[in-house]
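Fold and geometry: a report
Each chain is listed here by its residues.
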Amino acid sequence: MLSERRLEVLRAIVQDYVGTEEPVGSKALTERHRLGVSPATVRNDMAVLEDEGYIAQPHTSAGRIPTDKGYRLFVDKLAGVKPMTAPERRAIHHFLDGAVDLDDVVGRTVRLLAQLTRQVAVVQYPSLTRSTVRHVELLALAPARVMLVLITDTGRVEQRMVDCPAPFGEVSVADLRARLNSRITGRRFADVPQLVQDLPDAFESEDRGTVTTVLSTLLETLVEETEERLMIGGTANLTRFGHDFPLMIRPVLEALEEQVVLLKLLGEVNDSGMAVRIGHENAHEGLNSTSVVSVGYGSGGEAVAKLGVVGPTRMDYPGTMGAVRAVARYVGQILAES
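Conventions used here
- Residues numbered from 1 in each chain as written.
- Predicted model: local features only at pLDDT ≥ 70, side-chain atom pairs only at ≥ 80, totals over all residues.
- Heavy atoms only, no water.
- Helix = DSSP H or I, 4+ residues; strand = E, 2+ residues; numbered from the N terminus.
- Rg over C-alpha atoms; globule rule 2.2 N^0.38 Å.
- Contact = heavy atoms within 4.5 Å.
- Lys, Arg positive; Asp, Glu negative; His and termini not counted.
- Charge placed at Lys NZ, Arg CZ, Asp CG, Glu CD.
- Core = buried A, V, L, I, M, F, W, Y, C linked by side-chain atoms within 4.5 Å.
- Buried < 20%, exposed > 50% of the residue type's maximum accessible area, 1.4 Å probe, protein only.
- Domains from an automatic or database assignment.
- Buried area = accessible area lost by both parts, 1.4 Å probe.
- Polar contact = N/O pair within 3.5 Å; in protein donor to acceptor, adjacent residues only side chain to side chain.
- Pairing = 2+ DSSP bridges.
- Axes fitted to C-alpha atoms, helices over the stretch in contact; angles between N-to-C directions.
- Salt bridge = Lys/Arg side-chain N within 4 Å of Asp/Glu carboxyl O.

1. Let's talk about the overall build of the chain
For the chain, the count of helices and strands is 12 helices and 10 strands. What you see for the chain is a C-alpha radius of gyration of 26 Å, clearly larger than the 20 Å of a compact globule of 338 residues, by over 25%. Taking as baseline every contact in the chain between residues at least 6 positions apart, the subset at least 24 positions apart corresponds to 61%. Separation of charge centres in the chain, based on 37 positive and 45 negative side chains, amounts to 8 Å.

Given below as structure tokens:
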């Protein structure tokens, strides 16, 4: 266990290195921070921190910089989440409030996160596997043609055209719409197949073929849309941190192009609390020099997807965590109200 003073020295090193981009020496620490001890004592504390792997010397005759282990301790024990200021909160609200549909919400969220944190922003679309049905609309377009519109609790809208095997009148369309909504509104997508399997039996024999066709289209829509989708923005921000990537920036950019890698980075939606993965905690080799801050978002207190940012390990963790958490909250509110 590190003493309180050594924890304070580590906190000061992280803060100075993140702020100045320069390795930190004992003299600078005692000048910038009220540590209450001499430079010699701070040097001794830094030697202990280095021996225990929390800081390292990047090259000879230089100060010290935090290691992944040092950043981990800083995030777990020393860093609070920095709250957004009132003007920042208003700006988030104003920026996201104008969104017209789910694609617009996700697009605005990506741009906003990238601007607020000056990192790469990643936003996962709400997953239909965790969504519920808000409403199903059926519209008769022609005697044997129906439009199916599926609306989810997260504001996602899916439209499909259905060519019916026989004419299907307005009364039958209204009947099917009413029966469908009474059975599946508010229910999870995963439960829908079971809930509608005997629905054709409620109709006259001449309409059962059409009802079965409409239901098949509905169920196909659920299957198609369970594929996870992501939006990414702000990759140009990484070029500002070229010296933070010891090898090259290219492996980072290549990793960010792989959707599977990004989904793994964000983590499981079920684990919706704030997660910070630092350096080598990221399994993908191309991202060993990055940190990922992610959190779940959703309406009604249940996460339906995740969002987060990717940047260098030399990151303003309290500020980034605060921005990610605030944006996730606002997106959740928008989904709940949409």
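2. Digging into the nonpolar core
Ranked by size, the top nonpolar core spans 58 residues in total, and within it Leu29, Leu307 and Tyr317 carry the most contacts. A total of 11 residues in this core trace back to one element, the largest contributor, which is helix α12 (residues 317–337). What Tyr317 contacts, discounting residues up to four positions off in sequence, is Tyr71, Phe74, Val75, Val276, Ile278 and Ser291. Listed in part, the 23 residues of the second largest apolar core include Val136, Cys164, Val173 and Leu180.

3. Here's the deal with the domain arrangement of the chain
Split by domain assignment, the chain resolves into domain 1 (4–78), domain 2 (86–126 + 228–337) and domain 3 (129–225). Here the C-alpha centre of domain 3 lies 35 Å away from the C-alpha centre of domain 2. With 13 residues of domain 2 at the contact, the number on the domain 3 side is 7 residues. Buried area between domain 2 and domain 3, both sides added, is near 870 Å², and the carbon and sulfur share of it is 38%. The three residues of domain 2 that bury the most area against domain 3 are Leu102, Pro126 and Val304, which together make up 42% of that side's buried surface. Viewed at the interface, domain 3 and domain 2 are joined by 0 residue pairs in polar contact (both at pLDDT 80 or more).

4. So, the sheet that holds strand β4 (residues 133–142)
Pairing is antiparallel across the open sheet formed by 3 strands, whose spatial order is β4-β5-β6. Edge strands, defined here as strands with exactly one partner in the open sheet, are β4 and β6 (157–163). Strand-to-strand twist across the sheet, computed as the mean angle between neighbouring axes with direction ignored, equals 20 degrees. Packed onto the sheet, helix α7 (residues 170–184) meets β4 and β5 (145–152) and runs at close to 170 degrees relative to β4.

5. A closer look at the pattern of salt bridges
Inspection of every chain in the model, using the stated rule, returns 16 salt bridges. Residue Asp45 is joined to Arg5 by a salt bridge in which the shortest nitrogen-to-oxygen separation is 2.7 Å. Of this pair, Asp45 sits in helix α3 (residues 39–51) while Arg5 is found in helix α1 (residues 4–20), placing the two residues 40 residues apart along the sequence. On the basis of relative accessible area, Arg5 is assigned to the partly exposed category, the value being 32%. Between Arg183 and Asp198 there is a salt bridge; the shortest N-O distance is 2.6 Å. Of this pair, Arg183 sits in helix α7 while Asp198 is found in the loop between α8 (192–196) and α9 (205–224), placing the two residues 15 residues apart along the sequence. Judged by relative accessible area, which is 26%, Arg183 ranks as partly exposed. Put simply, Arg5, Arg6 and Asp45 are held in one network by salt bridges that share partners.

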